[in-house]
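Survey of secondary and tertiary structure
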Amino acid sequence: MSDNTPWFEGIRFPMVCFSPEILREVRDKFLVKDEDTITVTYPKSGTNWLNEIVCLILSKGDPKLVQSVPNWDRSPWIEFTGGYELVKGQKDPRVYTSHLPLHLFPKSFFSSKAKVIYCIRNPRDALVSGYFFLSKMNVTEKPETLQQYMEWFLQGNVIYGSWFEHVRGWLSMREMENVLVLSYEDLIKDTRSTVEKICQFLGKKLKPEETDLVLKYSSFQFMKENEMSNFTLLPHAYTTEGFTLLRKGTVGDWKNHFTVAQAEAFDKIYQEKMAGYPPKLFSWE
Ligand code: PPS
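What counts and what doesn't
Residues numbered from 1 in each chain as written. Predicted model: local features only at pLDDT ≥ 70, side-chain atom pairs only at ≥ 80, totals over all residues. Heavy atoms only, no water. Helix = DSSP H or I, 4+ residues; strand = E, 2+ residues; numbered from the N terminus. Rg over C-alpha atoms; globule rule 2.2 N^0.38 Å. Contact = heavy atoms within 4.5 Å. Areas by Shrake-Rupley, 256 points an atom, 1.4 Å probe, with all protein chains shown as cover. Lys, Arg positive; Asp, Glu negative; His and termini not counted. Charge placed at Lys NZ, Arg CZ, Asp CG, Glu CD. Expected span 1.5 Å × (residues − 1). Buried < 20%, exposed > 50% of the residue type's maximum accessible area, 1.4 Å probe, protein only. Arc of directions from axis to C-beta. Salt bridge = Lys/Arg side-chain N within 4 Å of Asp/Glu carboxyl O. Axes fitted to C-alpha atoms, helices over the stretch in contact; angles between N-to-C directions. Parallel < 35°, antiparallel > 145°, perpendicular 65-115°, else oblique. 1 Å grid on protein atoms, 1.4 Å probe; cavity = no way out; pocket = protein on both sides within 12 Å on 5 of 7 lines; lining within 4 Å. Points joined across faces, edges and corners; volume = space filled by probe spheres on them. Nonpolar A, V, L, I, M, F, W, Y, C, P; charged D, E, K, R; others polar. Left-handed = near helix turned anticlockwise from the far one by under 90°. Phe/Tyr/Trp six-rings, centres within 6.5 Å; stacked < 30°, edge-to-face > 60°. Lys NZ or Arg CZ within 6 Å of the ring centre and 35° of its normal.

For the rest of this paragraph, the subject is the overall build of the protein. When helices and strands are counted, the protein shows twelve helices and six strands. The C-alpha radius of gyration of the protein comes to 18 Å, within 12% of the 19 Å expected for a compact globule of 285 residues. For the C-alpha atoms alone, the extent of the protein along its principal axes is close to 50 × 40 × 40 Å. Expressed as a percentage of contacts within the protein between residues at least 6 apart in sequence, the contacts between residues at least 24 apart total 72%. About 13,200 Å² of surface is accessible on the protein, with carbon and sulfur atoms providing 54% of the total. Across the protein, the 35 positively charged side chains and the 36 negatively charged ones have centroids separated by 3 Å.

Printed below as a string of structure tokens:
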């Protein structure tokens, strides 16, 4: 990738809504509060789904908020210039989101009791999702082919940097009691019990019928039709024809797009970079 996207501390960011000054301030000066809930992901790993679920858990399944306020206002991205202002103005208890790698995350988090939910996804599916998303957006150089995007991805030369470093960084926090690690694959496989796990982590007890509402309003179909959740309200200058956030919402779509040679090349690098983790830690393995 060779465009003019901004860089901060060796990580590339999108061309719009970012500045190194705000990124530095978020890391060094922003005060995380004990009552904050923060959802964190590498891009294309289920961020907006998780945000919808958390928002609906907090409203006990009442969809009023998710149907009236755009997702980027109800769970602002702290590292976006506009999002940072929104988070600072939020009433307690605050709920916000981030794609930041651990080393760029607000330093004050590490001495707080704030809760972080980190959602990981098979990098192959995150790669395919990112490829289709960014080829229809005007915020970075558009990849021309999946092969090209795969090369950028494996080099960490994509927005928010290397998937491997992101995941290694955040997984180092997985034993902390204020950090919950989930996977997109678990959310797909058993949405109800994963939602219940989130409720337990957040200390929220929902009645079964309230959980039903959380599941209903955060479902792929509801989110795809909800203009507060599906990114159709993004400024048209940012997107091109065919852009969609809720594209497929499945596990394993990479198998429809990787060639055998690409799958083998990816596996080789994956095995090298992820060596040392216990078997079965990742639900896609
Ligand atoms: S972003 O742009 O980084 O914030 O994108 P992110 O929200 O992290 O990831 C987008 C992918 O999540 C899928 N998605 C869902 N899957 C299942 N159910 C629900 N409700 C849901 N909401 C979003 C979305 O379809 C993207 O994955 P792909 O594989 O592209 O379909």
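So, next bit.
Quick reminder: α-helices carry 3.6 residues per turn. Residues three or four places apart thus point the same way. Over its 14 residues, helix α12 (residues 260–273) extends 20 Å from the first C-alpha to the last, a length consistent with the 20 Å expected when each residue adds 1.5 Å. Three or more residues of α12 are buried, namely Gln-262, Ala-263, Phe-266 and Tyr-270. Viewed end-on, α12 has its buried residues packed into an arc of 95°, placing them on one side of the element. Opposite the buried face of α12, at more than 90 degrees from it, the exposed residues are Val-260, Ala-261, Glu-264, Lys-268, Gln-271 and Glu-272.

At the junction of Asp-92 and Pro-93, the peptide bond is cis and its omega measures out at -5° in the coordinates. Even without being a glycine, Tyr-160 presents a positive backbone phi close to 70°. With respect to the helices, strands and loops of the structure, Tyr-160 is situated in the loop between α6 (146–155) and α7 (163–171). For Tyr-160, a relative accessible area of 3% translates into the label buried.

So, about the pattern of salt bridges. A complete count under the given rule lists 14 salt bridges for this structure. Overlapping salt bridges bring together Glu-9, Arg-27, Asp-28 and Lys-107 as one network.

With that settled, the discussion passes to the packing of helix α5 (residues 123–134) against α12. Two numbers describe how α5 lies on α12: the axes approach to 11 Å, and their chain directions differ by 125°. Taken as axis vectors, α5 and α12 run oblique relative to one another. Contacts from Pro-123, Arg-124 and Leu-127 of α5 reach α12 at Phe-266, Asp-267 and Tyr-270.

The next subject is empty space enclosed by the protein. Counting across every chain of the model gives one cavity of 30 Å³ or more. Of the voids in this model, the largest cavity is the one considered here, and its volume is about 30 Å³. Lys-44, Ser-129, Phe-133, Thr-244, Leu-245 and Arg-247 are the residues that line the largest cavity. A per-class count over the lining of the largest cavity returns two nonpolar, two polar and two charged.

This part covers the environment of Met-176. Along the chain, Met-176 turns up in the loop between α7 and β6 (179–183). We classify Met-176 as partly exposed; its relative accessible area is 39%. Considering only alpha carbons, one finds Met-176 and Val-116, 60 residues apart in sequence, at a separation of 9.8 Å.

To continue, consider the packing of α7 against α12. Pairs of packed helices are described in terms of their axes, by the angle between the two and the distance that separates them. Following both chains from N to C, one finds α7 and α12 inclined at 30°, their axes separated by 11 Å at the closest point. If you check the angle between α7 and α12, you find them roughly parallel. Pair α7 / α12 crosses with right-handed handedness. For the pair α7 and α12, the contacting residues are Trp-163, Phe-164 and Arg-168 in the first and Ile-269, Tyr-270 and Lys-273 in the second.

We now examine the packing of aromatic side chains. What describes a pair of aromatic rings is the distance from one ring centre to the other and the angle between the planes of the rings. Across all of its chains, the model carries 32 aromatic pairs by this definition. Judged by centre distance (5.9 Å) and plane angle (70°), the rings of Phe-30 and Tyr-84 are edge-to-face. Here Tyr-84 lies in helix α4 (residues 81–89) and Phe-30 lies in the loop between α1 (20–28) and β3 (37–41), a separation of 54 residues in the sequence. Each member of the pair, Phe-30 as well as Tyr-84, carries the same accessibility label: buried. Where Tyr-277 meets Phe-282, the ring centres are 5.6 Å apart and the plane angle is 80°; that geometry is what we call edge-to-face. Just above the ring of Tyr-184 sits the side chain of Arg-121; from NZ or CZ to the centre is 3.9 Å.

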